[in-house]
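Understanding the architecture of this molecule
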Amino acid sequence: MCSEKTPRILSIQSHVVSGYVGNKSATFPLQLLGFEVDAINSVQLSNHTNYKVFKGQVLNDKDLEDLVDGLAQNNLDNYTHLLTGYVVCDPVMGDNGRMYVPEPLKEIYKTEIVPLADILTPNQFELELLSGIKISTMSDLQTAVKELHKAGPETVAISSTEIDDKLIAIFSAIKNNALIKIDIPKIPSNFTGSGDLFAALFLAHMYLQDNMKDAIEKTVNSLHSVLLKTYEYSQVCKDEDSQPARKIELRLIQSKSCIENPEAHLLAEPF
């Protein structure tokens, strides 16, 4: 009898042929960290939507049901984690003040999906949408996180929030009554796929590390290193034919060592 010890993740996210968002942003880092990853692509696009043109297909509910049914009938659905949906939910709703998804999905997330999640990883804009609280102070942030806990998730990780011109990541866990923050140096650029990478890294390190502080530090240090490497490349890239979106695609492959063994430059502290 074969013994299955390697953690297995079913990741249901978007897919792009070129670039790094959704499953393309999450799969490689998770595999580097020792996870088996099965990916269902909710959409398949040529590239992400910040390019001047994008084309592709959307997976409908029947297509999704067929894929899941095939896995189940072959006894291939014995996963330890589900990324996006429940267990670890990255509510991809929007960022920088605009929604990516139709308005009715906001209520579906709030009432149906969020209560199923063990771990929730929204950005600040998504946190405001889900909690109904506009965040401008640290007290607002605490209140909003408490509202999400009330909805069901035991752990809430805010990948980034900007208060008083400072960038901060916040992590809250009901189980050990922990509220931890990390101050993050600002990088003067906007990145696509960074939230997907954050959710994948946090899932991995919550499983791999012995305590939440280590999980947080490894997640944030890995992510920041990837983003810094990406930004530095965008500043020296001389390809005049590339769109701006192309120059700022995450440098995941080039950041392999940062993902496997992140240096602890940024340290977590109680909030």
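Residues numbered from 1 in each chain as written. Predicted model: local features only at pLDDT ≥ 70, side-chain atom pairs only at ≥ 80, totals over all residues. Heavy atoms only, no water.

Below, the discussion takes up the overall build of the chain. Within the chain, the regular secondary structure consists of nine helices and twelve strands. Projected onto its principal axes, the C-alpha coordinates of the chain cover approximately 50 × 50 × 40 Å. Within the chain, the proportion of its 271 residues that are buried is 46%. The contacts of the chain with a sequence gap of at least 6 include a subset with a gap of at least 24, amounting to 66%. Carbon together with sulfur atoms contributes 50% to the accessible area of the chain, which is approximately 14,100 Å² in total. Where the 24 positive side-chain charges of the chain centre and where its 36 negative ones centre are 5 Å apart. (Helix = DSSP H or I, 4+ residues; strand = E, 2+ residues; numbered from the N terminus. Buried < 20%, exposed > 50% of the residue type's maximum accessible area, 1.4 Å probe, protein only. Contact = heavy atoms within 4.5 Å. Areas by Shrake-Rupley, 256 points an atom, 1.4 Å probe, with all protein chains shown as cover. Lys, Arg positive; Asp, Glu negative; His and termini not counted. Charge placed at Lys NZ, Arg CZ, Asp CG, Glu CD.)

Our focus in this paragraph is the pattern of salt bridges. In the structure shown here, the tally under the stated rule is ten salt bridges. Ionic pairing is found between D66 and K62, a salt bridge with its closest N-O pair at 2.9 Å. Of this pair, D66 and K62 are both found in helix α2 (residues 61-73), four residues apart, which corresponds to roughly one turn of the helix. Given the relative accessible area of 41%, D66 is considered partly exposed. Note that K213 and E217 form a salt bridge whose closest N and O atoms lie 2.6 Å from each other. In this pair, K213 and E217 both sit in helix α7 (residues 212-236), four residues apart, roughly one turn of the helix. (Salt bridge = Lys/Arg side-chain N within 4 Å of Asp/Glu carboxyl O.)

Right, let's get into helix α6 (residues 194-208). Its 15 residues give α6 an end-to-end C-alpha distance of 21 Å, which sits within 8% of 21 Å, the value for a rise of 1.5 Å per residue. By the criterion of burial, α6 is predominantly enclosed, with eleven of the 15 residues buried. Residues of α6 that are buried include every one of S194, D196, L197, F198, A199, A200, L201, F202, L203, A204 and H205, and no others. (Expected span 1.5 Å × (residues − 1).)

Once that is clear, we can look at unusual backbone geometry. The backbone phi angle of N75 is positive, close to 55°, even though this residue is not glycine. With phi around 55°, D164 is a residue other than glycine that occupies positive phi space. In this fold, D164 is placed in the loop between β9 (155-163) and β10 (166-173).

Within helix α4 (residues 124-131), eight of the eight residues are buried, which leaves the element mostly enclosed by the surrounding structure. Among all positions of α4, only Q124, F125, E126, L127, E128, L129, L130 and S131 are buried. With a side-chain oxygen positioned 3.1 Å from the backbone nitrogen of F125, the residue opening α4 is N123. Just downstream of α4, G132 is the residue with a positive phi angle, here 75°. (Polar contact = N/O pair within 3.5 Å; in protein donor to acceptor, adjacent residues only side chain to side chain.)

Attention now goes to the nonpolar core. Among the nonpolar cores identified, the biggest contains 40 residues, and L30, F35, L83, F171, I216 and V220 are the most heavily contacted of them. Residue contributions to this core peak at eight residues, all from α6. If sequence neighbours within four positions are ignored, L30 has contacts with I9, F35, V37, L83, A200, L203 and A204. In terms of nonpolar packing, the next biggest core, distinct from the first, is built from 17 residues, V114, A144, I168 and I170 among them. (Core = buried A, V, L, I, M, F, W, Y, C linked by side-chain atoms within 4.5 Å.)

Attention shifts here to the pairing of strand β1 (residues 8-16). A large share of β1 lies buried, amounting to seven of its nine residues. Of the pairings in the sheet, the one linking β1 to strand β2 (residues 36-45) comprises eight bridges and is parallel in character. Considered in β2, the bridge of Q13 is made with N41. Crossover β1 to β2 through helix α1 (residues 22-32) is right-handed. Sheet topology note: the β1/strand β4 (residues 81-83) ladder contains three bridges and is parallel. Directly across from I9, in β4, lies its bridge partner H81. (Pairing = 2+ DSSP bridges. Right-handed = clockwise from strand over helix to strand, strands pointing away.)

Right, let's get into the packing of α6 against α7. Between α6 and α7, the shortest axis-to-axis distance is 9 Å and the interhelical angle comes to 150°. It follows from the interaxial angle that α6 and α7 lie roughly antiparallel. Crossing geometry of α6 relative to α7 is assigned as right-handed. In contact with S194, L197, F198, L201, F202, H205 and M206 of α6, α7 contributes M212, A215, I216, K218, T219, S222, L223, V226 and L227. A class-by-class count of the residues in the contact of α6 with α7 yields eleven nonpolar, four polar and one charged. (Axes fitted to C-alpha atoms, helices over the stretch in contact; angles between N-to-C directions. Parallel < 35°, antiparallel > 145°, perpendicular 65-115°, else oblique. Left-handed = near helix turned anticlockwise from the far one by under 90°. Nonpolar A, V, L, I, M, F, W, Y, C, P; charged D, E, K, R; others polar.)

Attention now goes to the confidence of the model for the chain. Per-chain confidence: the chain averages 89 in pLDDT, with 92% of residues scoring 70 or above. Mean pLDDT values for the elements of the chain range from 59 in strand β6 (residues 94-95) up to 97 in helix α9 (residues 256-260). (pLDDT = per-residue confidence, 0-100.)

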